[in-house]
Number of protein chains: 2
Amino acid sequence: MYERKTLPNLNCGLDLVGEVLYGKWKMRLLWFIKEGHQRPSELQRQIPDATRRVLNIQLKELEEHELVTKKIYPVVPPKVEYSLTEFGKTLIPVISALGNWGDENEDRLRSVILNRLKSEV
Amino acid sequence: MYERKTLPNLNCGLDLVGEVLYGKWKMRLLWFIKEGHQRPSELQRQIPDATRRVLNIQLKELEEHELVTKKIYPVVPPKVEYSLTEFGKTLIPVISALGNWGDENEDRLRSVILNRLKSEV
DNA sequence: TGCAATAGGGAAAATATTATCCCTATATGA
DNA sequence: TCATATAGGGATAATATTTTCCCTATTGCA
């Protein structure tokens, strides 16, 4: 496993949130789990741009940060279900707020993002 | 300058927000600018854990994404001031929501984060 | 004269994150 | 018998981000 070489900053609320939400797919994972897509294969289908591998890794981190719980059913083929913890649920409104802001400003955001990319080349 | 090799996902609101806010210090920069710390040297003092260099880079991205404007005063020694754009101001409540969630859950977050780090070693 | 403050950038190294590829296992259905 | 679905991990490559180090310039102050 990758081992950190520097300690994270944990000075303020933003640092702390960053520590648990910073990860390309984490907010989407929480969101889709909330929406009822609880099995890894379903989550993968909802987020096809991510690889199975990275979803596993980020799910594990979410679990270690107590935002989700993982239930393993002892059946074959294997069945696993993730759920939000009570703690995790309290994050949903915040993720909503972010997503809504993005949706409300979709056109403008798309435009400034693409402009920046073009000027980069 | 670093040149991206893969295009970002811009499918949903969360993707779009991520594109403009994903950067270790960006939310903090927006926050402190809002608080009235507008000169680069002040921002650096508010965020001592970041290097001057990375703050410059991220400020430039925020500017290109039209969340802040940069005003250069033609004086010596140089004077520069950043301000939130109207667009940038609309992000403040969202950043607040994140920061507040972090503050409200400070103890628990600190605990789960540190636990995870310990088990990593 | 020499140092601090101001603002900022290039190049390269260090660190971190994500993707790719290949492996294990078992039951079901074609 | 062979492919598919299920879940997941190791090793390594690729990509991205952040840090480090060193450079430019000018004014004022000790």
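What you see is a predicted model, and the numbers here were worked out from it, not measured in a lab.

A.B. asks: How do you make sense of the interface of chain B and chain A when you look at a structure like this?
C.D. replies: Often, the extent of an interface is quoted as the loss of accessible area on bringing the components together. Counting residues at the interface gives 53 residues for chain B and 52 residues for chain A. The contact between chain B and chain A buries some 5000 Å² in all, and 67% of this surface belongs to carbon and sulfur atoms. Broken down residue by residue, the surface that chain B buries against chain A is led by L14, W101 and R116 of chain B, which jointly contribute 15%. If you look at where chain B meets chain A, you find eight salt bridges. Between R28 of chain B and D15 of chain A there is a salt bridge, and its shortest N-O distance comes to 2.1 Å.

A.B. asks: Before we go on, may I ask you to explain the packing of aromatic side chains in this structure?
C.D. replies: By convention here, two paired aromatic rings are described through the distance between centres and the angle between planes. All chains considered together, the criterion is met by three aromatic pairs over all chains. Measuring from ring centre to ring centre gives 4.3 Å for Y22 of chain A and Y22 of chain B, while their planes differ by 0°; the resulting arrangement is stacked. A residue pair is termed interchain when its members come from two chains, as with Y22 of chain A in the loop between helix 1 (13–21) and helix 2 (26–34) and Y22 of chain B in the loop between helix 1 (13–21) and helix 2 (26–34). Residue classification places Y22 of chain A among the partly exposed residues on the basis of a relative accessible area of 38%. Of note, K79 of chain A hangs over the ring of Y73 of chain A, and the distance from its end group to the ring centre comes to 4.9 Å.

A.B. asks: I'm lost on the protein's contact with DNA strand D in this one. Help?
C.D. replies: Around DNA strand D, the structure places 26 residues, and the nearest of them are K70 of chain A together with Y2, K5, T6 and Q58 of chain B. Here, DNA strand D places atoms within 4 Å of the protein, and 74% of those atoms are sugar or phosphate. Between R52 of chain A and DNA strand D, the recorded distance is 3.2 Å, taken from a side-chain N or O atom to a base oxygen. For DNA strand D, a phosphate oxygen lies 2.7 Å from a polar atom in the side chain of K70 of chain A. Of all elements in the fold, only helix 3 (40–46) and helix 4 (52–64) of chain A together with helix 4 (52–64) of chain B reach the threshold of two or more residues within the surface near DNA strand D. Element by element, the count of residues in the surface near DNA strand D is highest for helix 4 of chain B, at four residues. Taken together, the residues of the surface near DNA strand D sort by class into nine nonpolar, six polar and eleven charged.

Rules used in this analysis
Residues numbered from 1 in each chain as written. Chains lettered and ligands numbered in written order. Predicted model: local features only at pLDDT ≥ 70, side-chain atom pairs only at ≥ 80, totals over all residues. Heavy atoms only, no water. Contact = heavy atoms within 4.5 Å. Buried area = accessible area lost by both parts, 1.4 Å probe. Salt bridge = Lys/Arg side-chain N within 4 Å of Asp/Glu carboxyl O. Phe/Tyr/Trp six-rings, centres within 6.5 Å; stacked < 30°, edge-to-face > 60°. Helix = DSSP H or I, 4+ residues; strand = E, 2+ residues; numbered from the N terminus. Buried < 20%, exposed > 50% of the residue type's maximum accessible area, 1.4 Å probe, protein only. Lys NZ or Arg CZ within 6 Å of the ring centre and 35° of its normal. Near = heavy atom within 4 Å. Polar contact = N/O pair within 3.5 Å; in protein donor to acceptor, adjacent residues only side chain to side chain. Nonpolar A, V, L, I, M, F, W, Y, C, P; charged D, E, K, R; others polar.

It is worth stressing that arrangement in space is one thing and function is another; only the former is reported here.
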